[in-house]
Amino acid sequence: MLLTSPDHFEVAYVINPHMEGHIGDVDAERARAQWDALRAAYERVGMEVSVVAGQPGLPDMVFCANQTLPYLTPGGQRGAILSRMHAPQRKPEVEHYARFFESEGYEVTGLDPDLPGDFEGMGDALWHPGRYLLWGGYGYRTDRGVYDRLGDKMGFPVLPLHLEDPDFYHLDTCLCPLDEHTALVYPGAFDDEGLATIRAHFARVLEAPEHEARDLFACNAHSPDGRHVFIQRGCTETNAMLREAGFEVVELDTDEYLKSGGSVFCMKLMYW
Ligand code: ARG
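This section reports on the structure supplied with the text.

Rules of the game
- Residues numbered from 1 in each chain as written.
- Predicted model: local features only at pLDDT ≥ 70, side-chain atom pairs only at ≥ 80, totals over all residues.
- Heavy atoms only, no water.
- Near = heavy atom within 4 Å.
- Polar contact = N/O pair within 3.5 Å; in protein donor to acceptor, adjacent residues only side chain to side chain.
- Areas by Shrake-Rupley, 256 points an atom, 1.4 Å probe, with all protein chains shown as cover.
- Nonpolar A, V, L, I, M, F, W, Y, C, P; charged D, E, K, R; others polar.
- Pairing = 2+ DSSP bridges.
- Helix = DSSP H or I, 4+ residues; strand = E, 2+ residues; numbered from the N terminus.
- Axes fitted to C-alpha atoms, helices over the stretch in contact; angles between N-to-C directions.
- Contact = heavy atoms within 4.5 Å.
- Buried < 20%, exposed > 50% of the residue type's maximum accessible area, 1.4 Å probe, protein only.
- Right-handed = clockwise from strand over helix to strand, strands pointing away.
- Phe/Tyr/Trp six-rings, centres within 6.5 Å; stacked < 30°, edge-to-face > 60°.
- Lys NZ or Arg CZ within 6 Å of the ring centre and 35° of its normal.

1. Side note on the site of the ligand
Taken together, the neighbourhood of the ligand is formed by 17 residues, with Asn16, Arg90, Arg141, Asp172 and Ser260 sitting nearest. At 3.0 Å, a side-chain N or O of Asp60 approaches a nitrogen atom of the ligand. Ser260 places a main-chain nitrogen or oxygen 2.8 Å from a nitrogen atom of the ligand. Relative to its unbound accessible surface of 350 Å², the ligand loses 100% to contact with the protein. Of the residues that constitute the shell around the ligand, the class distribution is five nonpolar, eight polar and four charged.

2. Examining the sheet that holds strand β6 (residues 125-127)
The strand order across the open sheet built from three strands is β6-β7-β8, with neighbouring strands paired in mixed fashion. Since the sheet does not close on itself, it has two edges, and those belong to β6 and β8 (158-162), each with one partner. Going from strand to strand, the sheet's axes swing by 20° on average, the running direction of each strand aside. Seen against the sheet, helix α3 (residues 144-154) touches β6, β7 (134-138) and β8 and runs at an angle of roughly 155° to β7. Together, β7 and β8 form the strand contacts of helix α4 (residues 192-201), whose direction differs from that of β8 by roughly 140°.

3. Regarding the pairing of strand β4 (residues 78-82)
Counting buried positions over the five residues of β4 gives four, a clear majority of the element. Of the pairings in the sheet, the one linking strand β3 (residues 68-72) to β4 comprises five bridges and is antiparallel in character. Each residue of the ladder has a partner; that of Pro70, found in β4, is Ala80. In textbook terms, the turn of a hairpin is the stretch between consecutive antiparallel strands, and for β3 and β4 this stretch comprises five residues, one of which, Gly76, has a positive phi near 90°. Where β4 and strand β5 (residues 107-109) come together, three bridges link them in parallel fashion. Note on β5: the bridge partner recorded for Ile81 is Thr109. At this point the chain moves from β4, through helix α2 (residues 94-103), to the parallel β5, and the crossover so formed is right-handed.

4. Observations regarding the packing of aromatic side chains
Throughout the structure, instances matching the rule amount to 16 aromatic pairs. Centroid distance Phe9 to Phe63: 5.9 Å. Interplanar angle 90°. Geometry classified as edge-to-face. Linking Phe9 in the loop between β1 (2-4) and α1 (28-44) with Phe63 in the loop between β2 (50-52) and β3, this pair joins segments that are 54 residues apart in sequence. Across the pair, Phe63 and Phe9 agree in class, each one buried. Ring geometry for Phe101 versus Tyr106: centroids 5.1 Å apart, planes at 55°, classification tilted. Under the relative-accessibility criterion, Phe101 is labelled buried at 0%. Note that Lys268 overlies the ring of Phe265, its terminal NZ or CZ placed 3.4 Å from the centroid.

Structure follows, in structure tokens:
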């Protein structure tokens, strides 16, 4: 898995509602300590961590889930699809991940140049655990049409989900696939059709309460192994549900990153 060092992380502009009022407000030392603890937590559960260095002038690079969509085809081919970032401030981040995946020997492809629309990688595009099936959030950062083309080209089905609430501007803020049968969601971020699709594909759907989802990014949690769940500290009701469902909760402090509209899930990138 991949992390990006927070050397240049700050809130320098506002591109989502969570960033409002936080320009210049990040405590760099706390942010570093929180990132170090996140990395240590992944290493403790046996994950091998690679790091792409954060770059000056690219304060959101630390959210390294957004610049690519790594894949493994059923035929065993590994690759990464490059994002087309919606925010102009974030566009130059992508090339750093292209270079990383090229150096790992991956097939790296961009979106077709004649295809209009933005795409923010694993901010909006989430693999269904254990299947070659993609959940595709759209409405704020990613355009729906991008998924049709990607799915056709790569041979995977896409289940599109319209995002309805600007606080939940990426799919990974409101849908967290925990294992093949279990998802954690914030229902208020979806329309009825989207919720029905989620319920049709996950036998167990845990619902985070509004405060924990909106303010603590409960659904931006991550299960690296289908057993542990890494989540922002203080999601009391969500944690009780997770434990009841048999998961081992690992609480982490990401509040410096919450100021920028991100938490655990978007601070890492899983690849094969
Ligand atoms: N400030 C970043 C942005 O608005 C935060 C991205 C967080 N990523 C995520 N997948 N939720 O783009």
